[in-house]
Amino acid sequence: MSQYLDIEALNQQVAIESAFLDTLIDQQKRILVGQQHMLDRMILGLLTNGHILLEGLPGLAKTLAIKTLAQSIDASFNRIQFTPDLLPADIIGTLIYNPSNQNFSVRKGPIFANFILADEINRAPAKVQSALLEAMQERQVTIGKETFLLDEPFLVLATQNPIEQEGTYPLPEAQTDRFMMKVIVDYPTPDEEREIMRRNLNDQIHEKVKAVIHPQDILKARNAVSKVYMDERIEKYIVQLVFATRRPENYGIKELSQWIQYGASPRASIFMAKASKAYAFMKHRGFVIPDDVQNVCRDILRHRIGLSYEAEAENINQDEIISRILSRVEVP
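Residues numbered from 1 in each chain as written. Predicted model: local features only at pLDDT ≥ 70, side-chain atom pairs only at ≥ 80, totals over all residues. Heavy atoms only, no water.

K.L.:
How do you make sense of helix H15 (residues 318-328) when you look at a structure like this?
P.N.:
Residues three or four positions apart in an α-helix share a direction because the helix packs 3.6 residues into each turn. Here H15 has its buried residues at Ile321, Ile322, Ile325 and Leu326. End-on view of H15: buried residues confined to an arc of 135 degrees, all on one side of the axis. You can read the cap of H15 off the contacts: a side-chain oxygen lies 3.3 Å from the backbone nitrogen of Asp319, and it is on Asn317. (Buried < 20%, exposed > 50% of the residue type's maximum accessible area, 1.4 Å probe, protein only. Helix = DSSP H or I, 4+ residues; strand = E, 2+ residues; numbered from the N terminus. Arc of directions from axis to C-beta. Polar contact = N/O pair within 3.5 Å; in protein donor to acceptor, adjacent residues only side chain to side chain.)

K.L.:
What is the right way to read the nonpolar core from this model?
P.N.:
Generally speaking, soluble globular proteins have nonpolar side chains that are buried together. Counting residues in each nonpolar core, the largest one holds 73 residues, and the members touching the most others are Met272 and Phe281. Looking at this core, the element that brings in the most residues is helix H12 (residues 266-282), giving nine residues. Ile80, Met136, Phe148 and Phe154 belong to the second-largest nonpolar core, a separate cluster that totals 26 residues. (Core = buried A, V, L, I, M, F, W, Y, C linked by side-chain atoms within 4.5 Å.)

K.L.:
I would appreciate a short explanation of the side chain of Lys277 in the present structure.
P.N.:
Along the chain, the position of Lys277 falls in helix H12. Buried charged residue Lys277 carries no salt bridge. Nearest counter-charge: Glu235, at 6.9 Å. Separated by 3.1 Å, the side chain of Lys277 and the backbone oxygen of Ser226 make a polar contact. Reaching out from Lys277, the side chain makes a polar contact with the backbone oxygen of Val228 at a distance of 3.2 Å. (Lys, Arg positive; Asp, Glu negative; His and termini not counted. Salt bridge = Lys/Arg side-chain N within 4 Å of Asp/Glu carboxyl O.)

K.L.:
I'm lost on the environment of Cys297 in this one. Help?
P.N.:
Tracing the sequence through the fold places Cys297 in helix H13 (residues 290-301). Excluding residues within four positions of it along the chain, Cys297 makes contact with Leu241, Met272, Ile322 and Leu326. (Contact = heavy atoms within 4.5 Å.)

K.L.:
What am I meant to see in the pattern of salt bridges here?
P.N.:
Think of it this way: side chains of opposite charge can pair up when their charged atoms draw near. Counted by the stated rule, this structure contains 16 salt bridges. The salt bridge involving Arg304 is made with Asp177; its shortest N-O contact spans 2.8 Å. Note that Arg304 is positioned in the loop between H13 and strand S11 (306-307) and Asp177 in the loop between helix H8 (173-176) and strand S9 (179-184), a separation of 127 residues in sequence. The partner of Arg324 in a salt bridge is Glu320, with the nearest N and O atoms 3.6 Å apart. Taken together, the positions of Arg324 and Glu320, both in helix H15 and four residues apart, correspond to about one turn of that helix. For Glu320, a relative accessible area of 32% gives the class partly exposed. Each of Arg41, Asp299, Arg302 and Asp319 takes part in salt bridges that share partners, so that together they form one network.

K.L.:
How should the packing of aromatic side chains be read in this particular structure?
P.N.:
Counted under the stated rule, the structure contains one aromatic pair. With centroids separated by 6.0 Å and ring planes inclined at 85 degrees, the aromatic side chains of Phe112 and Phe148 adopt a geometry described as edge-to-face. Here the residue Phe112 occupies a position in the loop between strand S4 (103-108) and strand S5 (115-119), and Phe148 occupies one in strand S7 (residues 146-149), the gap between them amounting to 36 residues. Over the ring of Phe112 we find Lys108; its NZ or CZ atom is 4.9 Å from the centre of that ring. Across from the ring centre of Phe287, 5.7 Å away, lies the NZ or CZ of Arg285, which sits over that ring. (Phe/Tyr/Trp six-rings, centres within 6.5 Å; stacked < 30°, edge-to-face > 60°. Lys NZ or Arg CZ within 6 Å of the ring centre and 35° of its normal.)

What follows is the structure, given as structure tokens:
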């Protein structure tokens, strides 16, 4: 009985502390049409301190969505356009020699902001992509002999074009694993596209975005998300889903073994637990249910499963593998 009362009290507390999300989402919808899945995932990244990788063809409002989110929060925002001739110093900064005092001074790069839009990240070669690694993992940047801590919240929201397109460089595994989620952005529905067309014709796309929350609100919400209750059975369910990508034969799906070259890393378990709690928080609920885990599972796992040659030959993708795992692993 006492546990029930505790959950009920937690529910009420979460309902109060998550109320600001409705205002934030409404602000996004003033500018964006559709793409609700993408918006939800970006807010999940905010609540869990996790970076987001958005993949989709040009013109699907990926950049607009990220810029709108940053403007809705009273925080600093920088956009970095990744190109083949970009250098690491163009991102993190460099040392500048001052002849007058014969000293070097630090000139900080655009990475020093709360929100970083890494636009078309796979248009730049690996050495430039790797310049983000320290900032994304340790939340710090080293220039010369000095190390600088980045302000919180710090979030990298990257866009990439499908790798089949000309002039793209696939992100290395170490880089993709640092992204909490890889979100596939699809075309809008016919009704949504008609609304997009109308807004552009009426010049509504230039509406002013208002800052409706502050960085302190995000940090406070993260603390509230950590208090969302997760039952031990949910924890085991998350671990089983991740282990099924490594040893599918142990879960009665031996046929997946020929398609998986390597499975998800332990980061997948950590991120899936965090994202499940944050998703429950977004639904104004103080506890995690299996549906929360299933909702975030694909975005957490799809870039952490390496496909074998057999899978590529048979046109099997990660989403199909994850669907089979979700259908076979027992739900608590």
